[in-house]
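Secondary and tertiary structure notes
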Protein chains: 4
Amino acid sequence: MSKWTTKVTKVEPNKLTLRGYPIDELIGHLPFSSTAFLAIAGRLPEEKEGKLFDAIITSSVDHGVTPPSCQVARTMASTGVPLVQAVAGGIGTISDYHGGAIENAMKQFLTVPEDPDKQKESATEFVTAARDAKRVLFGFGHRYHNDDPRTRRLLVLAKELGFHGKYVDYALAMADALSENLGRRMPINVDGAVGAILCEMDFPTAVGNLIFALARVPGLIAHVMEERTNEKRMRRIVITDAEYDGEMGKHL
Amino acid sequence: MSKWTTKVTKVEPNKLTLRGYPIDELIGHLPFSSTAFLAIAGRLPEEKEGKLFDAIITSSVDHGVTPPSCQVARTMASTGVPLVQAVAGGIGTISDYHGGAIENAMKQFLTVPEDPDKQKESATEFVTAARDAKRVLFGFGHRYHNDDPRTRRLLVLAKELGFHGKYVDYALAMADALSENLGRRMPINVDGAVGAILCEMDFPTAVGNLIFALARVPGLIAHVMEERTNEKRMRRIVITDAEYDGEMGKHL
Amino acid sequence: MSKWTTKVTKVEPNKLTLRGYPIDELIGHLPFSSTAFLAIAGRLPEEKEGKLFDAIITSSVDHGVTPPSCQVARTMASTGVPLVQAVAGGIGTISDYHGGAIENAMKQFLTVPEDPDKQKESATEFVTAARDAKRVLFGFGHRYHNDDPRTRRLLVLAKELGFHGKYVDYALAMADALSENLGRRMPINVDGAVGAILCEMDFPTAVGNLIFALARVPGLIAHVMEERTNEKRMRRIVITDAEYDGEMGKHL
Amino acid sequence: MSKWTTKVTKVEPNKLTLRGYPIDELIGHLPFSSTAFLAIAGRLPEEKEGKLFDAIITSSVDHGVTPPSCQVARTMASTGVPLVQAVAGGIGTISDYHGGAIENAMKQFLTVPEDPDKQKESATEFVTAARDAKRVLFGFGHRYHNDDPRTRRLLVLAKELGFHGKYVDYALAMADALSENLGRRMPINVDGAVGAILCEMDFPTAVGNLIFALARVPGLIAHVMEERTNEKRMRRIVITDAEYDGEMGKHL
């Protein structure tokens with residue numbers, strides 16, 4: 001049987017090395033989100049990059065009871081499935097149409113021309129061609145939010161931390177072109193902002209859904225624990241009947 | 001249809017509130033690991049608590065290609081399953097015997113008597129009773145590591161950050177009693193250290209596997225991407241034939 | 001590395017043997033349901049046993065859009081998850097409270113005393129003790145059906161085919177005792193009938209949910225295909241808004 | 001909230017109707033495999049069609065411990081995952097490269113020209129074009145079997161039962177063309193035979209993996225039960241170390 005190789009983690013007795021770094025040196029020194037970046041990208045993030053990556057996954061941590069991933073995780077928790085398997089079910093619900101906008105947005109933004117002078121024109125052409133062919137454009141608008149505070153915050157941070165480059169510019173140019181084409185404002189949504197920033201960090205498009213999955217795990221954990229603790233088993237879960245009755249008005 | 005309630009996230013147009021905090025105020029201000037703590041525990045961690053929680057999940061980020069969760073995730077990636085579903089398969093492999101030691105260790109440590117003078121005696125009795133009845137004790141020893149650097153690092157951090165309390169003491173007393181009973185050193189392993197610290201933070205036992213699952217997601221992402229990128233589809237994956245050929249000797 | 005063994009299937013070049021039988025001799029000669037029995041039980045069913053096993057799995061083939069397994073499978077199909085993974089999600093939703101009544105009913109029925117003269121009394125005692133301790137009894141009553149035609153049909157078939165033995169008797173005696181205790185008729189439901197018959201066939205209790213899972217796969221396949229074909233992606237699936245508009249009044 | 005519709009199963013109190021047929025009329029009268037056909041295709045199979053569909057799923061019931069679906073299911077069973085969830089993990093491993101050959105073979109065979117005189121030529125052109133472009137052809141050859149008895153048996157049955165039509169002819173013509181192109185015999189494999197017959201029955205290509213999943217469930221059940229019953233938890237499962245030690249030489 002021939003050997004095969006891995007570059008992720010070396011396991012030796014009393015020695016664990018992630019991407020070349022002893023894990024015990026990371027513990028307490030490198031934030032978990034940067035350790036995740038290291039594991040996924042294969043390299044340590046620069047400090048500002050690590051902060052922005054942390055911001056990205058924080059922005060997608062939860063979206064309440066309505067996303068399909070949450071419905072699946074709660075439904076499984078409700079039938080008595082172990083909570084880890086229920087969370088896994090939720091993660092397994094992320095796909096082309098749930099989370100997938102990040103990857104599709106990245107693919108769009110990666111078509112940005114090298115020449116800065118041609119970007120605006122190219123964005124307009126891209127949008128017009130998509131509209132004419134009735135192709136969906138990804139990363140713009142949202143069924144609940146037309147001025148999503150997460151998006152605004154991410155774009156501000158990207159600028160502050162030095163990651164507002166050609167991909168973010170191109171995304172903004174596409175949003176302008178789309179708004180003009182539609183005759184109403186159609187801003188970048190959180191998937192679009194995340195996608196553009198992941199492009200700035202040189203992540204491959206295939207990572208979009210995976211990073212979204214990582215981000216959403218804490219939310220799914222909260223939901224399956226709440227379901228298991230508070231609700232009757234095998235209840236009929238009607239999402240539209242849910243009301244928030246938790247705390248409000250808190251600030252850091 | 002009657003209403004039901006949730007205390008996790010309130011979703012309003014252009015306003016998202018996690019456990020009472022606007023998510024856009026968390027982005028870039030609260031580390032992702034602390035946001036995860038907030039989502040799961042329902043309260044903001046104290047600063048030192050947040051650091052220790054980050055350390056805990058960092059310590060379990062990956063353990064190479066041998067854990068069953070990694071085997072499952074890579075096998076699924078190898079057949080062409082979308083990578084998110086492959087990661088979900090890996091998460092769904094965490095159970096009583098893979099990750100489960102954390103929860104079982106927590107249950108043991110929660111039997112600590114209130115009276116500090118009785119803890120050592122109680123630990124010895126607990127261990128003796130378990131050994132006599134041939135019951136497994138959880139959180140001690142490891143098939144690869146007898147002096148796991150992650151464990152040492154976590155216990156040092158717990159002391160530094162003020163979370164070395166009765167549960168950690170009790171776990172150490174159990175390790176001493178077990179070592180004496182066996183006639184050879186049987187230290188706390190990483191599951192035991194994580195379990196004792198989660199007890200110090202007042203987490204319920206049911207959270208053990210869920211936090212382990214969160215911790216392991218970045219590792220699983222790295223593995224499924226490596227499998228998809230580097231290996232032939234439907235290959236026979238023999239774990240014992242894997243060799244690490246990545247970088248070594250790197251430091252923060 | 002030491003050898004390990006399997007008794008399920010031997011694979012040799014151009015020769016496949018399931019539980020000792022060449023698979024090509026089974027194809028077209030042994031019904032799929034009996035091949036499934038052979039795979040699971042490790043022995044060929046007797047002819048009448050095979051017919052009854054076929055009847056059992058046919059009885060659980062689908063229960064419309066409301067079961068949690070169907071909700072999960074449709075929700076996953078709706079987000080773009082490949083249909084096989086959506087079916088897997090549905091299967092993974094079967095658990096203690098969804099399907100689990102079969103296994104729990106089997107455990108009850110296996111307490112039947114050997115002496116036929118003591119069965120009725122034992123059933124009454126079992127039911128009374130459970131009622132007094134507010135323990136749930138499994139396999140009786142149904143949220144939709146109080147005279148389930150599937151149950152009736154299965155019990156008639158069990159008698160015809162020679163599998164109405166002590167377990168079915170005991171289940172009926174329990175239903176009588178429970179009805180008397182409650183002061184209203186509480187018949188065996190389909191899970192109870194399936195459980196009692198699986199006991200008659202000497203299946204272990206652990207097989208209950210697995211056989212239910214096998215039975216439900218065709219139904220889940222039908223639902224995920226319908227969802228993918230007819231519905232918009234990422235729609236809000238409210239189960240209570242579903243209406244049947246298929247054919248009616250057909251007979252073999 | 002607007003209504004939506006389903007044509008699978010109507011559930012009324014004490015009345016269950018699958019595709020228009022009362023389920024209690026199917027139990028014991030229609031074989032499970034034909035009930036599965038009814039659920040999936042939305043119509044009752046003709047008698048000969050039902051027999052052939054039964055043969056198809058019987059042919060794929062198990063392939064020993066080596067398929068990735070079995071590895072995943074056994075690995076999950078080994079960590080303590082409930083057996084239903086382990087089977088679900090196995091099902092969720094079926095994808096483009098595991099089982100997927102059926103769907104891809106169907107797509108090939110659906111290109112058969114209407115005119116019988118042109119089929120042989122078209123098959124040769126199809127194969128030549130694929131070989132020249134280094135595109136994979138699906139449904140031919142097998143890593144273990146070069147004269148698979150399941151394939152032979154299925155093709156004989158298809159002829160006997162009146163389902164050897166243009167798709168099977170086209171598949172055979174492709175196998176001949178491929179063998180000639182390669183200079184060595186490259187027969188239809190079991191996926192190719194199943195695919196061609198499913199085309200004869202007018203199933204859509206999307207059903208290929210789903211029917212394969214249904215077929216494989218009994219095998220996966222047998223494996224997870226064997227793993228749970230006979231093996232130590234968290235063992236290192238090396239597939240190449242498995243030996244068959246079950247019965248042999250049995251016949252119907």
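Just above, that's the structure.
Overview of the structure.

Cut-offs and rules
- Residues numbered from 1 in each chain as written.
- Chains lettered and ligands numbered in written order.
- Predicted model: local features only at pLDDT ≥ 70, side-chain atom pairs only at ≥ 80, totals over all residues.
- Heavy atoms only, no water.
- Contact = heavy atoms within 4.5 Å.
- Buried area = accessible area lost by both parts, 1.4 Å probe.
- Salt bridge = Lys/Arg side-chain N within 4 Å of Asp/Glu carboxyl O.
- Polar contact = N/O pair within 3.5 Å; in protein donor to acceptor, adjacent residues only side chain to side chain.
- Nonpolar A, V, L, I, M, F, W, Y, C, P; charged D, E, K, R; others polar.
- Least-squares fit on C-alpha atoms with pLDDT ≥ 70 in both.
- Buried < 20%, exposed > 50% of the residue type's maximum accessible area, 1.4 Å probe, protein only.
- Helix = DSSP H or I, 4+ residues; strand = E, 2+ residues; numbered from the N terminus.
- 1 Å grid on protein atoms, 1.4 Å probe; cavity = no way out; pocket = protein on both sides within 12 Å on 5 of 7 lines; lining within 4 Å.
- Points joined across faces, edges and corners; volume = space filled by probe spheres on them.

Quick look at the interface of chain D and chain A now. With five residues of chain D in contact, the opposing surface of chain A contributes five residues. Buried surface at the junction of chain D and chain A, both sides included, amounts to about 320 Å², of which 83% is carbon and sulfur. Along the contact surface separating chain D from chain A lie zero salt bridges. Where chain D touches chain A, the interface holds zero residue pairs in polar contact (both at pLDDT 80 or more). Among the residues making up the side of chain D that touches chain A, the classes are represented as three nonpolar, two polar and no charged.

At an RMSD of 0.0 Å, chain D and chain A line up after a rotation of 180° and a shift of 0.0 Å along the axis. What we have between these two chains is a two-fold relation. Mapped onto chain A, 100% of the interface residues of chain D are again interface residues, and the two copies thus contact each other with one and the same surface.

What follows deals with the relation of the copies chain B and chain A. Once chain B is rotated about the relating axis by 180° and shifted along it by 0.0 Å, it coincides with chain A to within an RMSD of 0.0 Å. Of the interface residues in chain B, 100% have counterparts in chain A that sit at the interface too, so the contact is made through matching surfaces.

It is worth spelling out the pattern of salt bridges at this point. For the coordinates displayed, the defined rule picks out 41 salt bridges over all chains. The partner of Arg235 of chain A in a salt bridge is Glu227 of chain A, with the nearest N and O atoms 2.8 Å apart. Take Arg235 of chain A and Glu227 of chain A: they sit in the same class, and that class is buried. Glu226 of chain B is the partner of Arg74 of chain B in a salt bridge, and the nearest nitrogen-oxygen pair spans 2.4 Å. With Arg74 of chain B in helix 4 (residues 68–78) and Glu226 of chain B in helix 11 (residues 208–230), this residue pair connects regions lying 152 residues apart in the sequence. Within this structure, Arg74, Glu226, Glu227, Glu231 and Arg235 of chain A form a network of salt bridges that share partners.

In total, this model carries seven cavities of 30 Å³ or more according to the counting rule given. The volume enclosed by the largest cavity comes to roughly 310 Å³. Where the lining of the largest cavity is concerned, the elements lending two or more residues are helix 5 (83–91) of chain A, helix 5 (83–91) of chain B, helix 5 (83–91) of chain C together with helix 5 (83–91) of chain D. For the lining of the largest cavity, a count of residues per class yields eight nonpolar, 12 polar and no charged. Reported here for the second largest cavity is a volume of approximately 90 Å³. Lining the second largest cavity, in full, are Gln71, Val72, Thr75, Ile237 and Ile239 of chain A together with Gln71, Val72, Thr75, Ile237 and Ile239 of chain C. Of all elements in the fold, only helix 4 (68–78) of chain A together with helix 4 (68–78) of chain C reach the threshold of two or more residues within the lining of the second largest cavity.

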